[in-house]
Amino acid sequence: MIGPISFATPAILAGLILLPALYFLLRATPPAPRRQVFPPLRLLRDILPTERSPVRMPIWLLLLRLLAAALVIIGFAGPQIVPPRLLPGTGPILLVIDNSWAAAPDFSARIAAARRIVDQAGHRGVILLATAGTAAGRQPQASGVLARTGALAALGALHAEPWPADRAQDTAAVRAVRRHNHDITGVYLADALAAPGLNRFVAALDPAWIITNGAKSIRLLYPPGLAPDGALIARLGVVAQPAAILQPVLAEAASGAALARVVVRVSPGATHGEARFDLPVALAAQVARLALPGAAAPGGIALLDGATRLVTVGLASGGTANPEQRLLGTLYYVRRALPVGTLVRTGRVDQLIAAGVSAIIMADLPLDPGEIGRLRRFMAAGGVVIRFAGPLTAPQPDALTPDTLMRGVRELGSALAAGKPERIAAFDRDSPLAGLALPDHATVSRQILADPATLDPATVWARLSDGTPIVLGARQGRGALVSVLTTANAAWSNWPIAADFPALIDRLVHLGLGSAPKSGLLRPLRVLNGAGALVVPGAAARSLAAGDFITTMVSPLHPPGLWGNAHGVVALNIGDHVPVPAAAAFPATVPVMGLDAVPRARRFGPPVLALALAILIADGLISLLLRGALRWRAGVAALLLLGLAPRAHAAPPPGALAPMLAYVRTGDARIDAVSRAGLGAISDLVNQETAARLAAPRGVTPGADNLNFYPLLYWPITAATRPPDPSACRALDAFMAGGGLLVIDTDGGGAELAGSGAGFDPGAGAALRKATACLAIPPLETLTDRDTLAHTFFLARHFPGRFDGAPVFIAAKGGRDADGVSPVVIGSNDWAGAWAVDGAGMPMRALLPGAPGQRQDADWFGVNLVMYALTGTYKSDQVQIPAILRRLAQ
């Protein structure tokens, strides 16, 4: 059903009143000039005794111009066909929009539906009310009555918030609006999430329509868990559905790079699902958050802190031949006190740091200056160093301590010492150890003493009952240094065999990873916004007592994100700080429709303006004809071209409007998919790292498609590749001659091939020779790191792809163009296989041999290839820098 015609800006229609005045202005037109032979007598004979009056404009031309003017006025007034009446009443529309965390995934669709409601409101006006408070602390408050333009501008500024709606404040705001506007019609764009006070809010609003897509799209990531073996567990919450739900989850680094992907399955009728990430230690240590792919929503983000990150601990000991000897070894009790799932490494200090551990525990280990320097850099980067004392370190304490230590050992309760062994005193409220249970029967009989003359009270984390420090600690960069002034076994103290010793070790090894502080006030460091990005906290954010952290609900006062103090950092995630998601039950008397079901107006202002422009162009041509400035045949041809122009219009060929890379279609869907994904990934990397902006790559067929628009053409060759036909050969030769870069690559080769790709594609070398036999390929030489291609953007030392070790060939000096650019690059390393990633950002093919940095080197070489094709040898002068420097030195 088609509704009535209305205008977005009806005031512009007042211009139609001026059309009668325009009629009288256009009535007369000066006579057209004519050619006259100059001879005087003939000129005098043609002079008329009376003055001629101006020629009247033909009535049809006058009407044509008036029609064009009317169409311009009507077009700018915004004509539209309004859909059938949806909103009852005649007063303003109270448009209430949920902009909570649950509304974030489909918020753009929500705003689009709201715009259609504004169009329906017409001249009635709109009152907007967003139900979630703002980061600045502003509570939900209705706007005044807005005209269409004002309402659309307000909608454009609206965004989702990372906390639930405040139904009590929403109800108060709605009641305030109804007190001042009795004849309003309510429309509610709901997130469909059950919440306390929702029924009272809906009753106060009394909406004519509830518009929602339901709760089926709501996804909530809970903070991940750790399996007993240290694997990360993704935990997903949903509203129960009759069918199974399969939801991908990404593990991402702090930079946003995807490290792994799993699929969580939620069974029919269930509200929770789990899946585990099996990652190598090096990758697991980089995971900073879990995220739902493609969801710019805070509910799809789970930040990790020390409690949910894999802990890798290095153990080192001095002196003892067997540091883990049963009951007696210096590391025996420490290993058994480590948290469940901890990965343990043993070795020298330099070996442990190179292994990427997050904490190092040293039992009575003297250090040399070089080791101290390496450990300080380790702590500055976020590592934790925990040192236990002993007879080897007591005589000569080194400089790696939180505070100055005295030489020698203090004896407590021995045969030669007065007194008795001392117990551990209660931990201070501000100590990082606050909240740990005191060891009931733990005592210390020997210890190293801190120098009381220089002791900083802030470094004392634990004391004995007589006030003597027993644990010293201090922050070192992003990490921490802790000195336990007694042994890690039972030689000087029975603390290591106490039941509470594992809790102490657990607290200490997490210090550099952002473990949750157990005392003091926590302040927001970085918080999530409505799009799921970490930003600076808003003005409304307030500090939070560590003891209240677990029970706190996210709100403008306590937004989700990273919180902490001097003792550590903890993640406040939406998942465990909002009510469990459940579908809302709306009143049966209120009709409900989906976001996409809201009817939209059909605007035809632009076509009307286009018609007016065509009439004005035709009017200009007719005026030239009437004045004699244009011959009739040329005028008729121009009018015909004007009428046929829209039909003759053709879209520009791909690559003409934006630069893009291309690959040769092989006919093998698998190979073409890898080529497309590989070039797409390199295009994205070029867009990210450089000023160039590449569009998505395109597959081409040489000889059938125009190759002139592409700077780089990637040609994958396998043993099944057939030689190109003559037209394809001519097209490829013309492409290289015209300045294009042809990159020819094989998927490894036969056993005779050098490098790790040997034997992966027997016959690829023969196919390469046959495929290129018809091409005018110049003489080749091996690519080295001295060539311009090796440093057009990144400094590349070698050029691997999925494989490594095979030589790469480019044109020799005499076979390059006038600028010194090689028209061809030939390799056997499967570069596209190394570049290609899937839709979740995960590599599509494994590398061989998979050396550290191989994929990064392949990506860098890909960027260099693109920059070489785009810019040529603009960096070639850098090759001469060593010679220039030598000349300057002379």
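This text follows the structure it describes.
Residues numbered from 1 in each chain as written. Predicted model: local features only at pLDDT ≥ 70, side-chain atom pairs only at ≥ 80, totals over all residues. Heavy atoms only, no water.

(A) Seen up close, the packing of helix 6 (residues 167–180) against helix 7 (residues 198–205). For the pair helix 6 and helix 7, the least separation of the axes is 9 Å and the interaxial angle reads 10°. What the angle tells us is that helix 6 and helix 7 run roughly parallel. Helix 6 and helix 7 meet at a crossing whose hand is left-handed. Contact residues: R167, D170, T171, V174, R175 and R178 in helix 6; L198, R200, F201, A204 and L205 in helix 7. Among the residues forming the contact of helix 6 with helix 7, the class breakdown is five nonpolar, one polar and five charged. (Axes fitted to C-alpha atoms, helices over the stretch in contact; angles between N-to-C directions. Helix = DSSP H or I, 4+ residues; strand = E, 2+ residues; numbered from the N terminus. Parallel < 35°, antiparallel > 145°, perpendicular 65-115°, else oblique. Left-handed = near helix turned anticlockwise from the far one by under 90°. Contact = heavy atoms within 4.5 Å. Nonpolar A, V, L, I, M, F, W, Y, C, P; charged D, E, K, R; others polar.)

(B) Up close: the pattern of salt bridges. Applying the stated criterion to the full structure yields 19 salt bridges. In this structure, the salt-bridge partner of D705 is R665, at a minimum N-O distance of 3.5 Å. With D705 in the loop between strand 35 (695–700) and strand 36 (712–717) and R665 in the loop between strand 34 (660–664) and helix 15 (669–689), the pair connects residues that are 40 residues apart, well separated along the chain. Note on R665: relative accessible area 40%, which makes it partly exposed. As a salt-bridge pair, R845 and D830 come within 2.9 Å of each other at their nearest N and O atoms. Of the two residues, R845 is situated in the loop between helix 18 (831–835) and helix 19 (854–871) and D830 in the loop between strand 40 (824–827) and helix 18; the sequence distance between them amounts to 15 residues. Taken together, the shared-partner salt bridges connect D98, R167, D170 and D191 into one network. (Salt bridge = Lys/Arg side-chain N within 4 Å of Asp/Glu carboxyl O. Buried < 20%, exposed > 50% of the residue type's maximum accessible area, 1.4 Å probe, protein only.)

(C) Broad picture of the nonpolar core. One finds I361, F388, L433, I470, V471, W495 and V509 to be the most contacted residues of the largest nonpolar core, which totals 46 residues. For this core, the elements supplying multiple residues, two or more each, are strand 16 (312–317), helix 9 (332–337), strand 18 (359–363), strand 19 (384–388), strand 24 (460–463), strand 25 (469–476), strand 26 (479–484) and helix 12 (501–509). In terms of residue count, helix 12 provides more of this core than any other element does, five residues in total. Filtering out sequence-adjacent residues up to four positions away, F388 remains in contact with V334, I361, M362, A363, D364, V484, T486, T487, A488, F501 and I505. In terms of nonpolar packing, the next biggest core, distinct from the first, is built from 38 residues, V743, A858, V866 and A869 among them. (Core = buried A, V, L, I, M, F, W, Y, C linked by side-chain atoms within 4.5 Å.)

(D) Just a nonpolar patch on the surface, in detail. A cluster of nonpolar residues, I59, W60 and L63, forms a patch on the protein surface that exposes about 340 Å² of accessible area. Note on placement: I59 falls in helix 3 (residues 59–76). (Patch = residues over 30% accessible without salt bridge, like charges linked within 9 Å, V, L, I, M, F, W, Y side chains within 5 Å. Areas by Shrake-Rupley, 256 points an atom, 1.4 Å probe, with all protein chains shown as cover.)

Purely geometric numbers; function is a separate question.
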